[in-house]
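# Geometric and topological summary
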Amino acid sequence: RKEVEQDPGPFNVPEGATVAFNCTYSNSASQSFFWYRQDCRKEPKLLMSVYSSGNEDGRFTAQLNRASQYISLLIRDSKLSDSATYLCVVKNFGNEKLTFGTGTRLTIIP
Amino acid sequence: DTGVSQNPRHKITKRGQNVTFRCDPISEHNRLYWYRQTLGQGPEFLTYFQNEAQLEKSRLLSDRFSAERPKGSFSTLEIQRTEQGDSAMYLCASNNPLGQGIRENYGYTFGSGTRLTVV
């Protein structure tokens, strides 16, 4: 079983719609959680960290459920520029490496 | 110094040749990481440095791979006797746990990567 699992998609969503991604992680020692965005043939860029209390940044909302070991990302009022691959990332306690999921590919359709 | 710089951007090499990539991190970042990403997959951890010390290496880093960060600034990743399975994007990232703000503490800044094709 992979340490971080995501639905690879693709998700094809009309502009203006709301889209949600889920991600599950297997290591209960995971301490820090992130969503990264990666455009085609570009490097990953940090979208947002995910806090236990949930957090929001504009149209983006991230939530963490430690009991069920999953992380979610909600994008409201989607824009064409949101088209990208969204990578779920975890970091375990006492370990510096980031563990990435395979990514979920999102395409916003005009 | 506005970001992490990697050179070259692209490298095509024949199987069996040696290749070396360079990474220049953000100057005030003391941690530097190497990752590898193949098509359709997320980046996979290879190794990381704190200053000049290499503190962790993945089992993915076979004996044909070596990384250095001699002065705690730039880093090089060398692959000897390249194989077709080494074809991938090699990403470098840096961060600084002592930086200001949680985002900087835990988020990495990635370079644009070096895309290696072994033919």
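Shown above is the structure to which this text applies.
Residues numbered from 1 in each chain as written. Chains lettered and ligands numbered in written order. Predicted model: local features only at pLDDT ≥ 70, side-chain atom pairs only at ≥ 80, totals over all residues. Heavy atoms only, no water.

## Digging into the sheet that holds strand β8 (residues 70-75) of chain A
All names here are of chain A.
- In space, the five strands of this open sheet follow the order β1-β3-β8-β7-β6, with antiparallel pairing throughout. Of all strands in the sheet, those with a lone pairing partner are β1 (4-6) and β6 (55-57), marking the two edges. Across the sheet, the mean angle separating the axes of adjacent strands is 20 degrees when strand polarity is ignored.
- Looking at chain direction, strand β3 (residues 19-25) and β8 are connected through six bridges and run antiparallel. The residue bridging Asn22 from the neighbouring strand is Ser72, located in β8. (Pairing = 2+ DSSP bridges. Helix = DSSP H or I, 4+ residues; strand = E, 2+ residues; numbered from the N terminus. Axes fitted to C-alpha atoms, helices over the stretch in contact; angles between N-to-C directions.)

## Observations regarding the sheet that holds strand β3 (residues 19-24) of chain B
Residues and elements named next belong to chain B.
- An order of β1-β3-β8-β7 is seen for the four strands of this open sheet, with the pairing classed as antiparallel. Looking at strand neighbours, the two that pair on one side only are β1 (5-7) and β7 (65-68), the edges of this open sheet. Neighbour-to-neighbour, the strand axes of this sheet turn through a mean angle of 15 degrees, independent of strand direction.
- The sheet contact formed by β1 and β3 spans three bridges and is antiparallel. Its bridge partner lying in β3, Asn7 is registered against Arg22.

## Quick word on the layout of surface pockets
- In this structure, the largest pocket occupies an estimated 650 Å³ of space.
- Lining the largest pocket are 25 residues, with A:Cys40, A:Arg41, A:Thr85, B:Leu39 and B:Gly40 positioned closest to its centre.
- Elements with a contribution of two residues or more to the lining of the largest pocket: β9 (84-92) and β11 (104-109) of chain A together with β9 (88-95) and β11 (114-118) of chain B.
- Per-element accounting of the lining of the largest pocket gives the leading share, four residues, to β11(A).
- A per-class count over the lining of the largest pocket returns eight nonpolar, 12 polar and five charged.
- The volume enclosed by the second largest pocket comes to roughly 510 Å³.
- If you go around the second largest pocket, you meet 18 residues; those closest to its centre are A:Thr99, A:Phe100, B:Pro43, B:Glu44 and B:Leu60.
- Broken down by secondary-structure element, the contributors of at least two residues to the lining of the second largest pocket are β10 (98-100) of chain A together with β5 (44-50) of chain B. (1 Å grid on protein atoms, 1.4 Å probe; cavity = no way out; pocket = protein on both sides within 12 Å on 5 of 7 lines; lining within 4 Å. Points joined across faces, edges and corners; volume = space filled by probe spheres on them. Nonpolar A, V, L, I, M, F, W, Y, C, P; charged D, E, K, R; others polar.)

## Description of the interface of chain B and chain A
- Of the residues lining the interface, 21 residues belong to chain B; the matching set on chain A comes to 21 residues.
- In this assembly, chain B packs against chain A so that about 1,800 Å² is buried in total across both faces, 52% of it on carbon and sulfur atoms.
- One can count one salt bridge joining chain B with chain A.
- Notably, a salt bridge pairs B:Arg31 with A:Glu96, separated by 2.6 Å at the nearest N-O pair.
- If you look at where chain B meets chain A, you find six residue pairs in polar contact (both at pLDDT 80 or more).
- Contributing elements (two or more residues each) for the side of chain B that touches chain A: β4 (31-37), β5 and α1 (102-106) of chain B.
- A total of four residues in the side of chain B that touches chain A trace back to one element, the largest contributor, which is β4(B).
- Residue composition of the side of chain B that touches chain A, by class: 10 nonpolar, seven polar and four charged. (Contact = heavy atoms within 4.5 Å. Buried area = accessible area lost by both parts, 1.4 Å probe. Salt bridge = Lys/Arg side-chain N within 4 Å of Asp/Glu carboxyl O. Polar contact = N/O pair within 3.5 Å; in protein donor to acceptor, adjacent residues only side chain to side chain.)

## Describing the side chain of A:Ser78
Residues and elements named next belong to chain A.
- Along the polypeptide, Ser78 turns up in the loop between β8 and β9.
- For Ser78, a relative accessible area of 1% puts it in the buried group.
- A polar atom in the side chain of Ser78 sits 2.9 Å from the backbone oxygen of Ala17.
- If sequence neighbours within four positions are ignored, Ser78 has contacts with Val13, Pro14, Glu15, Gly16, Ala17, Arg59 and Ile108. (Buried < 20%, exposed > 50% of the residue type's maximum accessible area, 1.4 Å probe, protein only.)

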